[in-house]
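Architecture at a glance
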Amino acid sequence: MASISLRGISKRFGDVEALKELDLDIQDGEFLSLLGPSGCGKTTTLRLVAGLEEPTAGDVYMGEERVTDLAPADRDIAMVFQLFALYPYMTIRENIAFPLRAQGVRAAETRKRVDAVAELLGIEALLSLGPAQVHPADGQRVAIAKAIVREPRVFLFDEPLSQLDAHMRSRMRAELKHLHDTVGRTTLFVTHDQAEGLAISDRIGVMRQGELVQLGTPEEIFHRPTDRYVAEFVGTPPINLFEAEVCERDGARALRVGGVEMRLGEPLHTAGVDAQWGKLESVTVGVRPRYVDLGSRGEGEAALPGVVEVVEPTGRDTLLHVRLTEHADRGETGSFPSQGKAGMESGGSSDATTRCLVARAAAPPEGAEVALSFRPEHVLLFHPETGAAL
Ligand SMILES: Nc1ncnc2c1ncn2[C@@H]1O[C@H](COP(=O)(O)OP(=O)(O)OP(=O)(O)O)[C@@H](O)[C@H]1O
Ligand SMILES: [Mg+2]
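What comes next concerns the included structure. These figures come from a predicted structure and were not determined experimentally.

1. Let's talk about the sheet that holds strand β1 (residues 4-13)
Taken in spatial order, the four strands of this open sheet run β2-β1-β4-β5, and their pairing is antiparallel. Among the strands making up the open sheet, the edge pair consists of β2 (16-26) and β5 (65-66). One ladder, built from five bridges, connects β1 with strand β4 (residues 57-62); its direction is antiparallel. Considered in β4, the bridge of Ser 5 is made with Tyr 61. In the packing of helix α1 (residues 42-50) onto the sheet, the strands contacted are β1, β2 and β4, and the crossing angle to β1 comes to about 120°.

2. Concerning the sheet that holds strand β20 (residues 380-382)
Taken in spatial order, the five strands make up an open sheet running β13-β12-β11-β14-β20, and their pairing is antiparallel. Either end of the sheet is taken by a strand with one partner, and the two such strands are β13 (260-263) and β20. Strand after strand, the sheet turns through a mean of 40° between neighbouring axes, direction not considered.

3. So, the packing of aromatic side chains
Scanning the entire structure with this criterion turns up six aromatic pairs. When the centroid spacing of 4.8 Å and the interplanar angle of 50° are considered together, the rings of Tyr 87 and Phe 98 count as tilted. Taken together, the residues Tyr 87 in the loop between β6 (77-80) and α2 (92-102) and Phe 98 in helix α2 connect sequence positions 11 residues apart. The class for Tyr 87 is partly exposed, based on a relative accessible area of 36%. For the pair Phe 157 and Phe 189, a centre-to-centre distance of 6.1 Å together with 55° between the ring planes defines the contact as tilted. A residue pair is termed long-range when its members are at least 10 positions apart, and Phe 157 in strand β7 (residues 154-158) and Phe 189 in strand β8 (residues 186-191) qualify at 32 residues. You can call Phe 189 buried: its relative accessible area is 0%. Taken together, the ring pairs in this structure connect Phe 31, Phe 155, Phe 157 and Phe 189 into an aromatic cluster.

4. Regarding helix α4 (residues 136-148)
Taking 1.5 Å of rise per residue, the 13 residues of α4 would be expected to cover 18 Å, and the 18 Å separating its terminal C-alpha atoms lies within 8% of that figure. The element α4 is largely enclosed, with a buried count of 12 among its 13 residues. All of the buried residues along α4 are Ala 137, Asp 138, Gly 139, Gln 140, Arg 141, Val 142, Ala 143, Ile 144, Ala 145, Lys 146, Ala 147 and Ile 148. Residues of α4 that are buried in the fold lie against β6, α2, α3 (107-121), β7 and α5 (166-183).

5. Focus: the pattern of salt bridges
Pairing of side chains with opposite charge becomes possible as their charged atoms draw close. Enumeration according to the criterion identifies 21 salt bridges in this entry. In this structure, the salt-bridge partner of Arg 113 is Glu 109, at a minimum N-O distance of 3.6 Å. Linking Arg 113 with Glu 109, this pair stays in helix α3, spanning four residues, or about one helical turn. A relative accessible area of 17% means that Arg 113 is categorised as buried. Under the relative-accessibility criterion, Glu 109 is labelled partly exposed at 31%. The shortest N-O distance in the salt bridge between Arg 169 and Glu 196 comes to 3.1 Å.

6. Examining the packing of α4 against α5
At a minimum axis separation of 11 Å, α4 and α5 run at an interaxial angle of 20°. With respect to their mutual orientation, α4 and α5 come out roughly parallel. Relative to α5, the crossing made by α4 is right-handed. Where α4 approaches α5, its residues Ala 137, Gln 140, Arg 141, Ile 144 and Ile 148 are matched on the opposing element by Met 168, Arg 171, Met 172, Glu 175, Leu 176 and Leu 179. Within the contact of α4 with α5, the residues separate by chemical class into seven nonpolar, one polar and three charged.

Cut-offs applied
Residues numbered from 1 in each chain as written. Chains lettered and ligands numbered in written order. Predicted model: local features only at pLDDT ≥ 70, side-chain atom pairs only at ≥ 80, totals over all residues. Heavy atoms only, no water. Pairing = 2+ DSSP bridges. Helix = DSSP H or I, 4+ residues; strand = E, 2+ residues; numbered from the N terminus. Contact = heavy atoms within 4.5 Å. Axes fitted to C-alpha atoms, helices over the stretch in contact; angles between N-to-C directions. Phe/Tyr/Trp six-rings, centres within 6.5 Å; stacked < 30°, edge-to-face > 60°. Buried < 20%, exposed > 50% of the residue type's maximum accessible area, 1.4 Å probe, protein only. Expected span 1.5 Å × (residues − 1). Salt bridge = Lys/Arg side-chain N within 4 Å of Asp/Glu carboxyl O. Parallel < 35°, antiparallel > 145°, perpendicular 65-115°, else oblique. Left-handed = near helix turned anticlockwise from the far one by under 90°. Nonpolar A, V, L, I, M, F, W, Y, C, P; charged D, E, K, R; others polar.

Here you go:
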């Protein structure tokens, strides 16, 4: 068994509380990514699992075994770092073979195993070269080969792709995923690149200031974030946030955003919304750019009028930055009472534009007047103060 469990792990460095009572279970054979901004404790978590740091409190288990006091060499773990280290005066073959030699594996067996991992990673042609002669992306591949040749129970990766250019990064990401599917070892992968985390993982743990904020599948993290922090951290382009007043319309729950009222459909009658609805005067509404529907003015009922300020082609899709204009100034969607309020407030984020991702062919030009709307099933609601998902 190579499951890993962290139980109540705290880690202090002087005054810095790097980890705060962290509980985390990584299943046998799982690919789990830790995702979060710089300084949130990702590397510290990895180093604790590897045995390179001692916890201030709490325990680390591998399977049923408590390994908190076990030396790194006795944990049967391989770690690959952002900056790989190869011995400069050894060939690539000797570099990969080094951990086996250190374990006293016989020469014939070593040769066989090095050949096998080299084939797996597509670096057979590099085996006789020196480290200085290989491209950095290949160097990282060699570092991975060196880590897996021992066939450890657990792999730890600390931003192993961050030094590579975008193209190589995407290729290596696919290769790592393939490698995991082939070798099937428990893998803990650290990244601050949310797209990488979403692409590669069975589950993702999103961290903030030494705490695990959410643990779930990429699907759960993206579509059902536990709070506003996760919603904002995950997804490109980033989610749109609006402050909305809570109201009723024809006896049904509704939201008033910038003077426009939108009725909440069935999907928002979740237990969380039901429990909190009566107590809140406002909520934060989150809508991902992909789910902002674009009409021209006058169409549709509850649409937010705006002007296209920036048009950013991104290939198949086009990203529009739309400045919302105050509803009260406009007459044409006037089925709702005007609030006479200032225009839109974008929740927390400083830019007041709304991002919409539309098909290239459907993109209006800069300066176009548009009307934005979104379907209730694509709306996320957050508590206006705590940011917790309703
Ligand atoms: N050896 C150390 N001595 C003092 N403080 C440390 C040490 N290692 C980590 N820290 C602090 O602990 C916190 C968590 O650091 P950690 O390296 O785990 O973050 P991270 O999530 O890996 O960040 P990054 O994305 O920048 O690599 C930070 O505030 C960091 O400054
Ligand atoms: Mg780190």
